[in-house]
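# Notes for the structure review
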Amino acid sequence: MNQKKSRKIELLAPGGSLEKLKYAIHYGADAVYVGVPDFSLRSRINSFNEESLKDAVDFAHKRKKKIYVTLNIYAHNMHLEEIKKHLKSLKALRIDGVIASDPGIIMLVKKYLPKTEIHLSTQANATNIEAVKFWAKAGVKRVVLAREVSLEEIREIKKAVPKMELEYFIHGAMCMSYSGRCILSKWMNNRSANLGDCTQPCRWLYSHKSQIPNPKSQINSKSKISNSQNLEVTVQDDMKRFEIDLEEDQHGTYFFNSRDMNLSAHISDLISAGVDSLKIEGRAKSVYYVATVVRAYRQIIDALGKKNLKTVIKKQQKELDTLVNRGYSKGFLLGSEPEHNFEGKLSATDFKFVGQIEGQQKIEGKIFNVVFMHNEMFLKDDLEAIDPEGNAKVKIKKILNHKLEEVEEAHGGHDKRFFIQFSKILPEKALIRRKLK
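For every chain, the first residue of its written sequence is number 1, and the numbers climb from 1 along that sequence. Residues qualify for local features only when their pLDDT is at least 70, as the model is predicted, and side-chain atom pairs are given and counted only at 80 or more; totals for whole chains, interfaces and linings, by contrast, use all residues. Remark: hydrogens and water are excluded; side-chain values derive from all non-hydrogen atoms of the structure.

### Looking at helix α3 (residues 50-62)
Here α3 contains 13 residues, and its C-alpha end-to-end distance of 19 Å stays within 8% of the 18 Å for a straight helix at 1.5 Å per residue. Taken residue by residue, α3 has S52, L53, A56, V57, F59 and A60 as its buried positions. The arc that holds the buried residues of α3, viewed along the axis, is 165°, so those residues lie on one side. Those residues of α3 that are exposed and angled more than 90 degrees off the buried face are E51 and K62. On its buried side, α3 packs onto α2 (18-26), β2 (31-34), β3 (66-70) and α4 (80-91). The opening residue of α3, the one whose side-chain oxygen lies 3.1 Å from the backbone nitrogen of E51, is N49. A run of DSSP states H or I qualifies as a helix once it reaches four residues; a run of E qualifies as a strand once it reaches two. Both are numbered from the N-terminal end. At the exit of α3 stands K64, carrying a positive phi of roughly 60°. Multiplying one less than the number of residues by 1.5 Å gives the expected span of a helix. The buried label applies to any residue whose accessible area, calculated with a 1.4 Å probe on protein chains only, is under 20% of its type's maximum; exposed applies above 50%, and partly exposed to all values in between. This arc corresponds to the set of directions leading from the helix axis out to the C-beta atoms. Residue contacts follow a heavy-atom distance rule, with two residues in contact if any of their heavy atoms lie within 4.5 Å. We define a polar contact as two N or O atoms separated by no more than 3.5 Å, with the added condition that, inside protein, one atom must be a possible hydrogen donor and the other a possible acceptor, whereas residues neighbouring each other in sequence contribute only through side-chain atom pairs.

Here it is, written out as structure tokens:
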């Protein structure tokens, strides 16, 4: 355990917007990754531009946190001139690293940002010792290993290439294609996942259009599926855009849908194997998701080497279970195939995220919290406030709308703020969730 504590382990969080970046850092991230839509694999639900990137760098560096910029599309010739302009603008920002997968882009980064670290994106599919050696010779400082790499393979890579920093995904969505290199979105509606515009057809609901018995299917002794239950099926998506032939079994027709990754029980194992940076997926997620996940892994990392580690892990796993998810999986970490969510169901949760605390305001001699609402909240609700330290049950004493009129409920879906007097004054960037009955 002393070896684990002797080197700095980085908790790397997603920054899908400047606001989400601030929450990630506030809740415990050591570093954040961001990108502008044109050159990042998150072109939708991504509000960054050159100006907000500067604000993000300034915010992170003032708090002694690192910031990495994703430039991980697979570029065509038409992208190159704009990429060069982007790299020139990044030089003035003093970013800490560029995450790239395309060899041509990596060469451009070396030319225009010679002093900036290059991190190899998981999109490059680095899965073995020789590949990592190759990228080390190419000037790469860190390799974001493919999600398909097992714990034992991580150990072998670190032993063979000890100077290479290794990064590994520990939480978030899994892709049904190899490290995200998928062509479904491009094929189905001409929006390329490899240019950052994935429409996630793997998550769509498909329904039967026609079906015939499959004479080649075998009886499954475990599930007792007979030949008549295994079918060759033509399925069609819910918008009636595409038809796909497949063999259906007892699980249903969410046939691409992977479960989400959750490696909260294996953080110590990953660090022992040689991982230097623990990465959370989720630039398109909410501030509530980012804050909850970052806090969970921050507390687990901080508990390493302490007697209460198992208790902390168990507690934070319960917190991660409060988030809507597709069912959790350990991915490929332990050497087996990850589970799939064939039913397409999202997990049930006991909580709904309702609002975020933006500050305090004194009204008629009393302190009210300024709240930006995301969902509905009622005067008699059972609420929890979460912040970097933990959770606290709170009650509502009074709700005022933006006109300072007293009301019995508050709703999201607009940019007006509510002024709420809780049973205790809440700090800025606390988040409110409602206990579901």
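### Let's talk about the confidence of the model for the protein chain
Residues of the protein chain with pLDDT of at least 70 account for 78%, and the chain-wide mean is 85. What pLDDT reports is the predictor's confidence in each residue, on a scale of 0 through 100. Ignoring residues within four places in sequence, the model shows residues 1-5, a span with pLDDT below 50, making 10 contacts including any to other chains. Counted against residues more than four places away or in other chains, residues 248-253, with its pLDDT under 50, gives 16 contacts.

### Comments concerning the nonpolar core
Joining through side-chain atoms within 4.5 Å is the link that ties buried Ala, Val, Leu, Ile, Met, Phe, Trp, Tyr and Cys residues into a set, and such a set is a nonpolar core. V143, I154, I267 and L270 are the most contacted members of the largest nonpolar core, which totals 98 residues. Filtering out sequence-adjacent residues up to four positions away, L270 remains in contact with L151, I154, Y168, I170, L263, V275, L278 and L333. Listed in part, the 17 residues of the second largest apolar core include V354, V394, I396 and L426.

### Side note on the layout of surface pockets
Over the atoms, a rolling probe the size of a water molecule traces out where space has been left empty. Approximately 330 Å³ is the volume found for the second largest pocket. Around the second largest pocket sit 19 residues that line it, and K285, Y289, L323, V324 and N325 are the ones nearest its centre. Only β7 (165-172), α10 (287-302) and β14 (351-363) provide two or more residues apiece to the lining of the second largest pocket. Broken down by element, the lining of the second largest pocket gets its largest block of residues, 3 residues, from β14. Gly counts as polar in this scheme, as do all residues outside two lists: the nonpolar Ala, Val, Leu, Ile, Met, Phe, Trp, Tyr, Cys and Pro, and the charged Asp, Glu, Lys and Arg. A class-by-class count of the residues in the lining of the second largest pocket yields 8 nonpolar, 7 polar and 4 charged. Only protein atoms enter the 1 Å grid used here. Points where a 1.4 Å probe fits but cannot escape make up a cavity, open sets with protein on both sides within 12 Å along at least five of seven lines make up a pocket, and a residue lines them when an atom lies within 4 Å of a point. Grid points are joined across faces, edges and corners, and a volume is the space filled by probe spheres set on the points.

### Side note on the pattern of salt bridges
Note on definitions: salt bridges are taken to be side-chain nitrogens of Lys or Arg within 4 Å of carboxyl oxygens of Asp or Glu. Evaluation of the coordinates by the stated rule reveals 23 salt bridges. With its nearest N and O atoms 2.9 Å apart, the salt bridge here joins E319 to R295. Linking E319 in helix α11 (residues 309-321) with R295 in helix α10, this pair joins segments that are 24 residues apart in sequence. R295 carries the same exposure label as E319, and that label is buried. Note that K416 and D415 form a salt bridge whose closest N and O atoms lie 3.9 Å from each other. Here K416 falls in the partly exposed class, since its relative accessible area comes to 37%. In the salt-bridge network here, residues are joined through shared partners; they are E10, K141, R142, E165, E167 and K279.

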